[in-house]
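# Architecture and fold: a report
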Amino acid sequence: FDRMYKRNIKRSTLCQHEVCYNKLKQFALIQTFKDVTLPNVIKFEDWLKDTGIRQTSVNSRIRILKTYISDAHRLGYIDKDPTMNVHFERGKSRTRRYLTPDELRKVASVELHGVHERARDVFMFMCYTSLSYADAQKFDFHRDCFLKDGKYMFRDTRTKTDEEYFIVLIPQAIELLKKYDYSLPKYSNGRINDLLNGVSIMAGLNKELTCHVARHTAACLALNNGVRIEVVSKMLGHSNINTTQIYAKMLSKEVEDAYDKVASVWDSMDS
């Protein structure tokens, strides 16, 4: 536990290590160094799967655990690392989901009240700014923004990658901030995603809404409207443009699907 806080890692990474630590406490079979055996690590992996999380998340927890097992071996607390050279299933990341303009309009216009309205507004702010959940939560208008040429702008570094990004607040984002006296509502990631699922249902969407969906929507909206991928990469604060190109691939798949639909129309006319 103490070693976790001595590591020179970003706060977002530390949060993931804390989640892994808490999961280990719940699992209860790995409490001391003598419990660090390959069968117990495999049981931990199976236990994580049974909690219903995705395989990619399971693999992330195992990789974090292996980091500390390796440290324990290097420092002489255990005689050998039982997980060395052992392969754990990685799993496949889910395709990035995003809203179409029509779906986005439904979310923006549905009549909501209370916590669902506030969660929707935070979601829309992330769509307007392309901010991630962590960066939207730390956003402070009075601290971060400056006025230039009649526009409010801000620079910051991403919580996840420490990469600098630059954003201009569009009028819609400013109007939303005014609604909350320039201080957005704060929610935990799990809480806001739960609320957004309710928003999705009330907006008549057959699609899961999360904070990630807002960021992906912002990226696809920009690319679909002619913003160069290099600029979108800067907006998103990506450290590598290859990450941004994933969105371009998504849009290419949309084009392929559209041509398939057109082809089927012509087929029906020829028959």
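Summary of the structure given here. Only a predicted model underlies this, so the values are computations on that prediction, with no experimental measurement involved. (Residues numbered from 1 in each chain as written. Predicted model: local features only at pLDDT ≥ 70, side-chain atom pairs only at ≥ 80, totals over all residues. Heavy atoms only, no water.)

A word on the side chain of S132. Its place among the elements puts S132 in the loop between α6 (114–129) and α7 (133–138). In this structure S132 comes out as buried when scored by relative accessible area, which is 10%. Leave out the neighbours within four places in its chain, and S132 touches M126, R158 and R215. (Helix = DSSP H or I, 4+ residues; strand = E, 2+ residues; numbered from the N terminus. Buried < 20%, exposed > 50% of the residue type's maximum accessible area, 1.4 Å probe, protein only. Contact = heavy atoms within 4.5 Å.)

A few words on the packing of α6 against helix α11 (residues 211–224). Look at α6 against α11: their axes get within 7 Å of each other, and the N-to-C directions meet at 30°. In terms of axis orientation, α6 runs roughly parallel to α11. For the pair α6 and α11, the sense of crossing is right-handed. Between α6 and α11, the residues in contact are F123, M126 and C127 and C211, V213, A214, T217 and A218, respectively. Here the residues of the contact of α6 with α11 are counted per class, giving seven nonpolar, one polar and no charged. (Axes fitted to C-alpha atoms, helices over the stretch in contact; angles between N-to-C directions. Parallel < 35°, antiparallel > 145°, perpendicular 65-115°, else oblique. Left-handed = near helix turned anticlockwise from the far one by under 90°. Nonpolar A, V, L, I, M, F, W, Y, C, P; charged D, E, K, R; others polar.)

In space, the three strands of this open sheet follow the order β1-β2-β3, with antiparallel pairing throughout. Two strands in the sheet have a free side with no partner beyond their single neighbour: β1 (145–148) and β3 (164–168). Averaged over neighbouring strand pairs, the angle between their axes works out to 30° when direction is ignored. As judged from the five bridges shared by strand β2 (residues 151–157) and β3, these two strands associate in the antiparallel manner. Within β3, the position partnered with R155 by the bridge is F166. (Pairing = 2+ DSSP bridges.)

Time to look at the state of the cysteines. Summed over the entire model, instances satisfying the criterion amount to zero disulfides. No disulfide involves C127; its sulfur sits 9.9 Å from the nearest other cysteine sulfur, which is in C211. Among the residues examined, C127 registers a relative accessible area of 9% and is labelled buried. The buried category is assigned to C211, whose relative accessible area is 4%. (Disulfide = S-S within 2.5 Å.)

Here we take up the side chain of T217. Relative to the helices and strands, T217 is located in helix α11. Take T217: its relative accessible area is 1%, and that puts it in the buried class. If sequence neighbours within four positions are ignored, T217 has contacts with Y98, L99, L104 and C127.

Bear in mind that shape data such as this cannot, by itself, settle questions of function.
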